[in-house]
Amino acid sequence: MSKLLAVSWNSQSLRYVLAENRKRDAVKVLAAGEKPLTETVHSDSPGSDVVQRLSEVTDELKVGRAKLILCVNRGCVDSARFTVPPATDAELPTIVVNLARRQLSGPGEEASIDFVSFPQLDDGSRQVNAMAMAPTDEQLIHNLAEAAGCAKTSAVVVTHPLRVFASDQQETDQSAVLVVSMGPQSAHLLVVRHQRPVLSRTLSLARGEGREAEARFVTGEIQRTILTIGDRLERGVEINKAVLVGSPLETEILASQLDGRIDLPVSHVSASDFVEGDITDIQQGAYAPLIAALLETASDATPAIDFLNPRRPPVSTSRRNQWLAVATLLVMVGGGGWYYTNSLFAEQRKEIAELKIQLEPITESLRNTAPLIRQAAGLGRWERSRMNWLDEIRDITVRMPSSPELSVRQFAATPARTGFAVTFQGTSRSPEAHRAMEIGIQDRYHTTRTPSFSESRKGKDVVWNFRTTLQILQRENKDYTAHRRLNLLRNSQGSGPSGSPQSKTTEHAEQKRSPLAEKPFRTRVTPDSGLGGSQS
């Protein structure tokens with residue numbers, strides 16, 4: 001039997017759960033509680049109060065030989081999702097780390113990067129979700145591990161262990177599960193598919209609000225998560241189930257708010273059903289991520305993300321290298337080994353000293369030319385980001401579906417990483433109308449995301465305020481074809497003699513013309529709409 005200690009923290013308190021791993025992966029809770037945190041105004045090291053509280057907990061519980069699981073807040077983790085080329089499992093860590101350093105802006109060269117890989121696609125490539133922490137947060141993790149003094153330590157994302165509360169899915173099942181854990185200060189959302197975390201979020205709850213107000217806020221964020229999850233899942237994959245983690249008293253208000261607002265079956269899971277021991281004195285929704293981390297560790301499951309033990313390529317050893325190592329050892333044991341090694345190091349030190357002298361003028365030259373290199377790189381990026389905005393705006397206007405339920409108030413464009421991003425804000429009378437608009441303007445050059453989608457009231461009517469971002473990839477002028485199809489259709493309508501009825505061929509063309517051409521853009525746009533941050 002071994003002891004396990006799971007710890008999580010935020011700006012207000014540090015929570016912990018101590019458990020014992022018994023036979024057949026049974027887990028018994030021995031102690032649980034929290035320590036309040038106070039802000040340290042003058043401190044040389046960040047998070048010194050958290051380190052001190054954890055040291056107090058380990059001294060009180062006497063868990064020097066226990067395994068420590070640090071559950072890092074989701075807000076401290078930066079993530080990026082991208083596609084990697086076909087590669088073996090041994091080559092994947094090196095490829096992901098190299099690509100992640102270009103996608104992630106926070107971590108430095110020495111930062112620990114871990115990732116979640118998804119099944120291979122038909123062409124051999126695969127999607128990965130890489131995660132890293134800022135240098136200050138990573139230093140805090142190392143300080144906590146050193147202060148605890150435990151035998152083994154792992155650092156996981158606090159939302160990922162919640163996947164143990166999702167039922168196991170068959171390989172042929174293409175659906176995903178939404179797991180929700182709501183505590184007194186925060187709520188965790190996790191979308192999991194085949195025990196792989198697809199999307200995770202942590203919502204901070206304002207202090208002093210009632211349980212009904214918190215439930216309404218979490219319900220709105222759940223709706224927004226379901227609406228915006230499409231770009232993170234494969235085609236044809238949808239969320240088909242929601243799981244609320246906590247006691248019935250904690251989840252009943254949230255379940256009543258979700259009733260009728262999401263088209264998903266909702267089930268309830270109590271964390272006390274998975275462990276032994278009395279945990280009635282603690283709030284199960286707040287401690288559910290820690291209990292899930294204990295269950296995951298007790299079953300020897302590999303964490304989805306572990307910043308202290310990231311995935312690394314296997315160390316390759318060949319028989320040739322082994323023989324060379326033995327030969328080198330024998331030479332060094334001999335009488336002449338020491339003299340040969342010492343003379344070799346002396347030559348290398350002399351060569352390094354000579355190279356340092358040559359390096360100084362090269363370093364000075366690079367320092368002087370660095371501003372010019374940055375200027376040239378910026379001009380190159382600006383030149384490559386040119387776009388024909390007249391055709392692009394007309395193309396977007398033609399693709400926008402006609403709906404009296406939509407109103408666009410603001411329309412702006414800015415350069416993005418691989419093209420341009422167009423942001424437009426407005427109101428919708430129903431989520432279905434907004435979703436229809438997103439589907440209508442998507443193609444291989446346009447990808448939509450809706451980071452903001454909230455409900456408001458105007459008198460007795462309910463309206464939805466949205467902010468949608470349209471990612472536009474660069475393309476040639478010949479690829480703007482939406483308006484050309486309109487011109488062809490108009491010419492086909494007016495090709496007959498004046499005043500004569502259309503022929504059957506024209507009628508047949510009318511019946512088969514594109515739905516985009518049948519419904520020109522009539523969505524209401526207010527006078528303050530504009531286009532900013534663009535190049536002609």
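Residues numbered from 1 in each chain as written. Predicted model: local features only at pLDDT ≥ 70, side-chain atom pairs only at ≥ 80, totals over all residues. Heavy atoms only, no water.

A separate point is the sheet that holds strand β9 (residues 176-182). In space, the 5 strands of this open sheet follow the order β11-β10-β9-β12-β13, with mixed pairing throughout. Edge positions in the sheet fall to β11 (196-204) and β13 (266-269), since each of these pairs with one other strand and no more. Each strand axis lies, on average, 20° off the axis of its neighbour in the sheet, ignoring direction. Of the pairings in the sheet, the one linking β9 to strand β12 (residues 239-245) comprises 6 bridges and is parallel in character. Pairing of L178 across the sheet is with A242, part of β12. Its contacts with the sheet place helix α4 (residues 211-228) against β9, β10 (186-193), β11 and β12, and it is angled at close to 150° to β11. Helix-sheet contacts for helix α5 (residues 248-258) involve β9, β12 and β13, and the interaxial angle to β12 is about 155°. (Pairing = 2+ DSSP bridges. Helix = DSSP H or I, 4+ residues; strand = E, 2+ residues; numbered from the N terminus. Axes fitted to C-alpha atoms, helices over the stretch in contact; angles between N-to-C directions. Contact = heavy atoms within 4.5 Å.)

Right, let's talk about the sheet that holds strand β6 (residues 114-120) for a bit. Here we have 3 strands laid out as an open sheet, ordered β5-β7-β6, and antiparallel in their pairing. Unpaired on one side and paired on the other, β5 (77-84) and β6 mark the two borders of the sheet. Across the sheet, the mean angle from the axis of one strand to that of its neighbour is 15°, orientation sign disregarded. Sheet topology note: the β5/strand β7 (residues 126-133) ladder contains 8 bridges and is antiparallel. Each residue of the ladder has a partner; that of R81, found in β7, is N129.

All right, on to the side chain of R201 then. The residue R201 is located in strand β11 in this model. Residue class for R201 comes out buried when judged on its relative accessible area of 18%. Side chain to side chain, R201 and E221 meet in a polar contact 2.6 Å long. Among all residues touching R201, those that are not within four sequence positions of it are R74, T159, A187, H188, L189, E221, R224 and T225. (Buried < 20%, exposed > 50% of the residue type's maximum accessible area, 1.4 Å probe, protein only. Polar contact = N/O pair within 3.5 Å; in protein donor to acceptor, adjacent residues only side chain to side chain.)

Tracing the chain through its elements places V398 in helix α9 (residues 389-399). Using a relative accessible area of 11% as the deciding quantity, one classes V398 as buried. Measuring from C-alpha to C-alpha, the distance between V398 and G440 comes to 9.7 Å, with 42 residues separating the pair along the chain.

Attention now goes to the packing of helix α1 (residues 48-61) against helix α3 (residues 135-148). Remark: α1 packs on α3, axes separated minimally by 9 Å, with the N-to-C direction vectors making an angle of 25°. Classified by the interaxial angle, the pair formed by α1 and α3 is roughly parallel. Viewed along their axes, α1 and α3 form a crossing whose handedness is right-handed. Residue-level inspection shows V50, V51, L54, S55 and T58 of α1 in contact with α3, the latter providing L140, N143, L144, A147 and A148. Tallied by class, the residues present in the contact of α1 with α3 amount to 7 nonpolar, 3 polar and no charged. (Parallel < 35°, antiparallel > 145°, perpendicular 65-115°, else oblique. Left-handed = near helix turned anticlockwise from the far one by under 90°. Nonpolar A, V, L, I, M, F, W, Y, C, P; charged D, E, K, R; others polar.)

Here the structure, examined in full by the defined rule, presents 2 aromatic pairs. Where F165 meets F274, the ring centres are 5.2 Å apart and the plane angle is 80°; that geometry is what we call edge-to-face. Here F165, found in the loop between β8 (152-157) and β9, pairs with F274, found in the loop between β13 and α6 (284-298); they are 109 residues apart in sequence, far enough to count as distant. According to the relative accessible area criterion, F165 is buried, its value standing at 5%. Among the residues examined, F274 registers a relative accessible area of 38% and is labelled partly exposed. (Phe/Tyr/Trp six-rings, centres within 6.5 Å; stacked < 30°, edge-to-face > 60°.)

Turning our attention to the pattern of salt bridges. It is possible for side chains bearing opposite charge to pair when their charged atoms get close. Under the definition given, this model contains 13 salt bridges. The partner of R126 in a salt bridge is D89, with the nearest N and O atoms 3.6 Å apart. Residue R126 is found in strand β7, and its partner D89 is found in the loop between β5 and α2 (92-103); the two are separated by 37 residues along the sequence. The salt bridge partner of E438 is R435, with a shortest N-O separation of 2.8 Å. Of this pair, E438 and R435 both sit in helix α10 (residues 431-441), separated by 3 residues, roughly a single helical turn. With a relative accessible area of 4%, E438 lands in the buried category. Salt bridges sharing common partners tie together D49, R53 and E56. (Salt bridge = Lys/Arg side-chain N within 4 Å of Asp/Glu carboxyl O.)

With that settled, the discussion passes to the nonpolar core. Within the largest apolar cluster, 55 residues are counted, with the highest numbers of intra-cluster contacts made by V7, W9 and L70. Considering each element in turn, this core owes the most residues, 5 residues, to α1. Listed in part, the 32 residues of the second largest apolar core include F165, A288, A293 and L294. (Core = buried A, V, L, I, M, F, W, Y, C linked by side-chain atoms within 4.5 Å.)

With 7 of 7 residues buried, β9 is to be regarded as a mostly interior element. Alternating positions in β9 separate into two faces, A176, L178, V180 and M182 on one and V177, V179 and S181 on the other, with burial throughout. Sheet analysis places β9 next to β10, joined by 6 bridges and oriented antiparallel. Bridged to L178 within β10 is V191. Adjacent in sequence and paired antiparallel, β9 and β10 are bridged by 3 residues.

The next point concerns α2. Its 12 residues place the ends of α2 16 Å apart at the C-alpha level, agreeing with the 16 Å of an ideal helix rising 1.5 Å per residue. Listed as buried for α2 are L92, P93, V96, V97 and A100. In an axial view of α2, the angular spread of the buried residues amounts to 125°, which keeps them on one side of the axis. Contacts from the buried residues of α2 go to β5, β6 and β7. (Expected span 1.5 Å × (residues − 1). Arc of directions from axis to C-beta.)

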